[in-house]
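Chain residues, written in single-letter form:
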Amino acid sequence: QLDIIYSIHACCALGVGAVALVYPDIFEIFMNFEHVTSGCRGISEQSHTIIRLYGALILSQSWLVWKTREVPDPFVRKIFAEGYLLCFSLSTLVLGYKQLFSSEWGALNWPVIFFFFVFSGVYGWFLVTKKLPDYDLPGNASV
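Residues numbered from 1 in each chain as written. Predicted model: local features only at pLDDT ≥ 70, side-chain atom pairs only at ≥ 80, totals over all residues. Heavy atoms only, no water.

1. Here's the deal with the overall build of the protein chain
Our working definition: Under the scheme used here, helices are H or I runs from DSSP no shorter than 4 residues and strands are E runs no shorter than 2 residues, and both carry numbers assigned from the N terminus. Each residue gets one of three labels from its accessible area relative to the maximum for its type: buried under 20%, exposed over 50%, partly exposed in between, using a 1.4 Å probe on protein chains only. Under the convention used here, a 1.4 Å probe and the Shrake-Rupley method define accessible areas, while residue burial counts only the protein chains that appear.
Check the secondary structure of the protein chain and you find five helices and zero strands. Residue burial in the protein chain is summarised as follows: out of 143 residues, 31% are buried. For the protein chain, the accessible area works out to roughly 9,000 Å², and carbon and sulfur atoms hold 71% of it.

2. Focus: the nonpolar core
The line we're drawing: In plain words, nonpolar cores are sets of buried Ala, Val, Leu, Ile, Met, Phe, Trp, Tyr and Cys residues tied together by side-chain atoms within 4.5 Å.
By size, the foremost hydrophobic cluster in this structure holds 16 residues, and its most contacted members are Tyr 6, Val 65, Ala 81, Tyr 84, Phe 88, Tyr 123 and Tyr 135. It is helix 5 (residues 109–129) that contributes the most residues to this core, six residues altogether.

3. Some details on a nonpolar patch on the surface
Applicable threshold: Two distance rules govern patches: like charges are joined within 9 Å, and nonpolar side chains (Val, Leu, Ile, Met, Phe, Trp, Tyr) within 5 Å, applied only to residues with over 30% relative accessible area and no salt bridge. The term salt bridge refers to a side-chain nitrogen of Lys or Arg lying within 4 Å of a carboxyl oxygen of Asp or Glu.
On the surface, Val 19, Val 22, Tyr 23, Ile 26, Ile 29 and Leu 108 cluster together into a nonpolar patch covering about 540 Å² of accessible area. A relative accessible area of 49% places Leu 108 in the partly exposed class.

4. Description of the packing of helix 1 (residues 2–22) against helix 5
Quick note on the threshold: Note on definitions: angles span 0 to 180 degrees between N-to-C directions of axes, and those axes are lines fitted to C-alpha atoms, for helices only across the stretch in contact. The labels follow the angle: roughly parallel below 35 degrees, roughly antiparallel above 145, roughly perpendicular from 65 to 115, and oblique for the rest. Note on convention: the crossing is left-handed when the near helix lies turned anticlockwise from the far helix by less than a right angle, right-handed when the turn is clockwise. Contacts: residue pairs with any heavy atoms within 4.5 Å of one another.
Direction vectors running N to C along helix 1 and helix 5 enclose 160°, while the axes themselves pass 11 Å from each other. When the interaxial angle is binned, helix 1 and helix 5 end up roughly antiparallel. Judged by the sense of rotation from one axis to the other, the crossing of helix 1 with helix 5 is left-handed. Within the contact between the two elements, helix 1 uses Leu 2, Ile 5, Tyr 6, Ile 8, His 9 and Cys 12 and helix 5 uses Phe 115, Phe 119, Val 122, Tyr 123 and Phe 126.

5. Considering the pattern of salt bridges
Per the counting criterion, the structure on display carries two salt bridges. With a closest N to O distance of 2.8 Å, Arg 77 and Asp 3 form a salt bridge. Here Asp 3 lies in helix 1 and Arg 77 lies in helix 4 (residues 74–101), a separation of 74 residues in the sequence. Per residue, the accessibility class of Arg 77 equals that of Asp 3, and both read buried.

6. Describing the packing of aromatic side chains
The following threshold applies: Paired rings are identified among Phe, Tyr and Trp, the last through its six-membered ring, by centres lying within 6.5 Å, and are further divided according to the angle between planes into stacked (under 30 degrees), edge-to-face (over 60) and tilted (the rest). Think of it as a cone above the ring: NZ of Lys or CZ of Arg counts as a charge over the ring if it is within 6 Å of the ring centre and within 35 degrees of the ring normal.
Within the structure shown, the criterion is met by eleven aromatic pairs. Considering the side-chain rings of Phe 80 and Tyr 84, the 6.1 Å spacing of their centres and the 45° angle between planes classify their relative orientation as tilted. Taken together, the residues Phe 80 and Tyr 84, both in helix 4 and four residues apart, mark about one turn of the helix. According to the relative accessible area criterion, Phe 80 is partly exposed, its value standing at 27%. Seen in terms of ring centroids, Phe 115 and Phe 116 are 6.0 Å apart; in terms of plane orientation they differ by 70°. Their pairing is edge-to-face. With a relative accessible area of 11%, Phe 116 lands in the buried category. The side chain of Arg 69 reaches across the aromatic face of Trp 66, ending 3.7 Å from its centre.

7. A closer look at the state of the cysteines
The condition that has to hold: When the sulfur atoms of two cysteines come within 2.5 Å, that pair is taken as a disulfide.
Counted according to the given criterion, the structure contains zero disulfides. Left unpaired, Cys 11 is separated from the closest cysteine sulfur, that of Cys 12, by 7.1 Å.

8. So, the confidence of the model for the protein chain
Any region with low pLDDT has predicted coordinates that should not be read closely. For clarity, the cut-off: Every residue is assigned a pLDDT by the predictor, reflecting its confidence on a scale from 0 to 100.
Looking at the protein chain, the pLDDT average stands at 84 and 85% of residues meet or exceed 70. Per-residue pLDDT, averaged within each element of the protein chain, yields its smallest value for helix 2 (residues 24–28) (83) and its largest for helix 1 (93).

Shown next as structure tokens:
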């Protein structure tokens, strides 16, 4: 089951990271600023750089998640799951707070917040309901 979660996570991260690297304009939708107005070209260029850096991080994470599927040590696999739970939970809290208490953010951010919430829920569910042997690679016989 954990390999399925890791595979879905890796594919999503690959897609999102690649899009952020190649088409950073798409992610400006979530930032709610209008770079089209005069004098803001520098802000748009800065946001593109930041979005591309974040895209590189997400794209790299997809490789890490994908390769974690091959790690035979269940303890290490559990540590990765804990790290992703922390990452997605904090992301959900930060974005949710900003969405609720800022007038600058729009409805387009709710699907992103939901995406982070779902991943934190899935990793949390796995961590709460599974014991260490369940983190082992399929087919590995751990004693």
